[in-house]
Amino acid sequence: MYPKSLIRVFERAAAFILEADGRATGLTGAGISVASGIPAFRGSQGLWDKYDPSEYAEISSFRRQPEKVWGMLGEMLAVVEKAQPNKAHKSLAKLEGKGLLQSLITQNVDGLHQAAGNRKVIEFHGATRHLCCLECDWRWANFKLSKCKNMPPRCQECGAILKPDVVFFGEQIPKWALLEASSAAEKAKVMLVVGTSANVHPAAEMPILTKKAGGRVIEINLGPTSLSGPVSDLTILGPADEVLPEIVAACERLSGSE
Ligand code: APR
């Protein structure tokens, strides 16, 4: 059971969501998938502690040494393919199911929001489940490590080593994703920002678009970020898979839909 002061914070977040009357959106980052066993990039045990992003996450590094980068990608895909949505993902799916969340922008490439049931997901950094060829336009949709006899996976048209269809540093965010996410952020009366260090742009600008358009920002994280204070109207410090279910329960209590 949480202290009354924390219950009041959950209820304040729920009131913001209910007052938005369906015009709520979300921005999620790696922190929401930590409880599903997928390490975040930064902070303790972060992936970038183990793999230097300048050697493994830059598109120039991939073009120069694709086999080396696949050393990290293979490890990441093995974890992602085993991962299941956790209570935080399921809470956002519940909010969409109740008509309270009209879209969800994610920086994550693990597909767990869709697996949890969210339908309106904007994958801002792409998704690891699809591979693409940098030499021709062949694509391997719904790639599974278990289906790949020889690593790294190669293009069946031209033989080049394939790349997961995710945005590497030095690549552009897909235009459609940037447009859709910006529009969702500007239209939202409230944005739930969950599990992101707000370090990487332009994703980190989405909450600012909501704020500038007169919306509110609720931030859920283990610690404060650059958004806390200047942008976030409410910063709730705690694990997303504990906080989000409490916010959904408060929405149900306040709207009498328990
Ligand atoms: N609940 C809530 N927040 C959490 C949890 C948790 N259980 N665990 C970690 N966090 C928070 C951390 O405090 C941190 O602020 O999640 C955030 C994770 O930050 P990053 O690892 O930087 O992940 P993210 O913000 O998604 O990174 C953005 O950077 O490397 C690129 O493309 C990559 O999409 C990624 C982008």
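Preceding this section is the structure that the text describes.
Residues numbered from 1 in each chain as written. Predicted model: local features only at pLDDT ≥ 70, side-chain atom pairs only at ≥ 80, totals over all residues. Heavy atoms only, no water.

At a minimum axis separation of 7 Å, helix α6 (residues 87-97) and helix α10 (residues 240-255) run at an interaxial angle of 25°. Between α6 and α10, the angle is such that the two are roughly parallel. Of the two possible hands of crossing, α6 and α10 adopt the one that is left-handed. Contacts between α6 and α10 pair K87, A88, S91, L92, K94 and L95 from the former with A240, D241, L244, P245, V248, C251 and E252 from the latter. Split by residue class, the contact of α6 with α10 holds eight nonpolar, one polar and four charged. (Axes fitted to C-alpha atoms, helices over the stretch in contact; angles between N-to-C directions. Helix = DSSP H or I, 4+ residues; strand = E, 2+ residues; numbered from the N terminus. Parallel < 35°, antiparallel > 145°, perpendicular 65-115°, else oblique. Left-handed = near helix turned anticlockwise from the far one by under 90°. Contact = heavy atoms within 4.5 Å. Nonpolar A, V, L, I, M, F, W, Y, C, P; charged D, E, K, R; others polar.)

Let us now look at the pattern of salt bridges. This model, assessed by the stated rule, comprises eleven salt bridges. A salt bridge links E55 to K68; the nearest nitrogen and oxygen atoms lie 2.5 Å apart. Of this pair, E55 sits in helix α3 (residues 53-56) while K68 sits in helix α5 (residues 66-82), placing them 13 residues apart in sequence. Residue classification places E55 among the partly exposed residues on the basis of a relative accessible area of 33%. (Salt bridge = Lys/Arg side-chain N within 4 Å of Asp/Glu carboxyl O. Buried < 20%, exposed > 50% of the residue type's maximum accessible area, 1.4 Å probe, protein only.)

The next point concerns the nonpolar core. Core analysis: the biggest nonpolar cluster contains 28 residues, and I17, L95, I218, I220, I236 and I247 have the highest contact counts within it. Secondary-structure elements contributing two or more residues to this core are α1 (4-19), α6, β7 (190-194), β8 (216-221), β9 (234-237) and α10. Residue contributions to this core peak at seven residues, all from α10. If sequence neighbours within four positions are ignored, L95 has contacts with I17, L100, L101, L192, V248 and C251. Of all hydrophobic cores here, the second largest spans 26 residues; its members include A57, M72, C133 and A160. (Core = buried A, V, L, I, M, F, W, Y, C linked by side-chain atoms within 4.5 Å.)

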